[in-house]
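What follows is each chain in one-letter form.
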Amino acid sequence: MNLYPMFDERACSTNFTARTKDEALRKLAQLACKSKALKSADWSEIHAKIEAREKQGTTGFGNEIAIPHARVEGLEEFLICIAVAPKGIEFDSMDKKKVRVLILLLGPESRVDDHLKILALISRTLSKTNAKQELLHSASKTVLVETFLRNTRVISGKASESEKMKALVIILYFDDLLYDILEFFIETGIEGATVIESFGMGEYISNIPIFADFIGFMRENKNHSKTILTLIPESRSDEIVSGIEEITGDLNKKQGAMIMLLDVGFFKGTMRMM
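Counting of residues starts from 1 at the beginning of each chain's written sequence and follows it residue by residue. Only residues with pLDDT of 70 or above have their local features reported here, since the model is predicted, and side-chain atom pairs are shown and tallied only from 80 upward, although totals for entire chains, interfaces and linings are computed over all residues. Neither water nor hydrogens contribute to the side-chain values; these are computed over all heavy atoms in the structure.

*Asks:* Where do I start with the overall build of the protein chain in this structure?
*Replies:* Scanning the protein chain from terminus to terminus reveals nine helices and nine strands. With a 1.4 Å probe rolled over the protein chains alone, any residue whose accessible area is under 20% of its type maximum counts as buried; one over 50% counts as exposed, and the rest are partly exposed. Evaluated residue by residue, the protein chain yields a buried proportion of 45% over its 274 residues. Pairs at least 24 apart in sequence give 76% of the contacts found in the protein chain among residues at least 6 apart. Counting only carbon and sulfur atoms, one obtains 52% of the accessible surface of the protein chain, whose full area is about 15000 Å². By definition, any uninterrupted DSSP run of H or I lasting at least four residues is a helix, any uninterrupted run of E lasting at least two residues is a strand, and each is numbered from the N terminus. Whether two residues are in contact is decided by their heavy atoms, any of which lying within 4.5 Å being enough. For every accessible area listed, the method is Shrake-Rupley and the probe measures 1.4 Å; residues are considered covered only by the protein chains on display.

Next comes the structure, spelled out in structure tokens:
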């Protein structure tokens, strides 16, 4: 997915200011309307769209970052606006911190799948260690856009109908990594997965009388897990496993997760979300 055409430097700012969240949303809508894609749009309509989305739950996801977004009737292509607010803005963020980097995503109403993939890509890009700091220190709008694109890691491609598939199974004992992995799935074009609540054997072995003195220990140490099941193209197996290990760490050295790739003799149907 090529994000470059989605940016318009006229709709970006390296010195964005606002006293409140509502003022920030209004000024973001006005900024977006400086772009070629929205040059004939009424900024108040864009504001109403992003405000309505914000009422469903804050897009201030933490770490001084917010990603307001909305689907806009009549918009033919996606638009991404970057605004850096050096002094920070109160944004009702999940971690209560002021927001200093705002990424506004506007997209066509009909392209829901692409909207999800771009959101996941933006989120994962900004989760990189240095990406936020590099954006905050961008000296110009051109540098701002180039910095974001340089930190963007895009994995693209779908399986053809005739391509051999593998079953990917991930057993994950760290709940905080689940959403990062699902974001990665969306970004890579994996269109659906099943997440099963599961338990390690310690949940059960601690009920055997001979192990009674280990009951407390076993119940406190990572017995609850998530099992994630999906299908991936065999040709992309190494690429996708490598991407997962960027999230979990090297699984030959770390505990808490396991990946399995299994041959699939037959499958029919889909796990697509929509």
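Here the narrative resumes, following the displayed structure.
*Asks:* Hey, could you run me through the side chain of Ser93 in this one?
*Replies:* Inspection of the secondary structure assignment puts Ser93 in the loop between β4 (79-89) and β5 (99-108). We classify Ser93 as buried; its relative accessible area is 3%. A polar contact is formed between the side chain of Ser93 and the backbone oxygen of Lys97, at a distance of 3.3 Å. Ignoring any residue separated from it by four or fewer positions in sequence, one finds Ser93 in contact with Thr58, Gly60 and Val99. Counted as a polar contact is a pair of N or O atoms within 3.5 Å, where, for protein atoms, one must be capable of donating a hydrogen and the other of accepting one, and residues adjacent in sequence contribute only when both atoms are in side chains.

*Asks:* Looking at this structure, how should I read the pattern of salt bridges?
*Replies:* A pair can form between side chains of opposite charge whenever their charged atoms are brought close. Within this document, salt bridges are pairs made up of a side-chain nitrogen of Lys or Arg and a carboxyl oxygen of Asp or Glu, the two lying within 4 Å of each other. The final tally for this structure, using the stated rule, is 15 salt bridges. The closest approach of N and O atoms between Glu109 and Lys49, which form a salt bridge, is 3.7 Å. Pair noted here: Glu109 is in the loop between β5 and α3 (112-126) and Lys49 is in helix α2 (residues 43-55), with a separation of 60 residues, a long-range link. Using a relative accessible area of 33% as the deciding quantity, one classes Lys49 as partly exposed. Look at the salt bridges and you will find they share partners, linking Glu64, Arg100 and Lys132 into a network.

*Asks:* What is the right way to look at the nonpolar core in this model?
*Replies:* It is characteristic of soluble globular proteins that their nonpolar side chains tend to be buried jointly. By nonpolar core is meant a set of buried Ala, Val, Leu, Ile, Met, Phe, Trp, Tyr and Cys residues that side-chain atoms within 4.5 Å join together. Grouped together as the largest cluster of nonpolar side chains are 27 residues, with contacts concentrated most on Phe16, Leu102 and Leu106. Going through the elements one at a time, α1 (21-32), α2, β3 (69-72), β4 and β5 are the ones with two or more residues in this core. If we ignore the near neighbours within four places in the chain, the residues touching Leu106 are Ala32, Leu38, Ile46, Ile50, Ala70, Val72, Leu75, Glu77, Phe78 and Leu79. Ranked by size, the runner-up nonpolar core spans 23 residues in total, among them Met6, Ile80, Val101 and Leu105.

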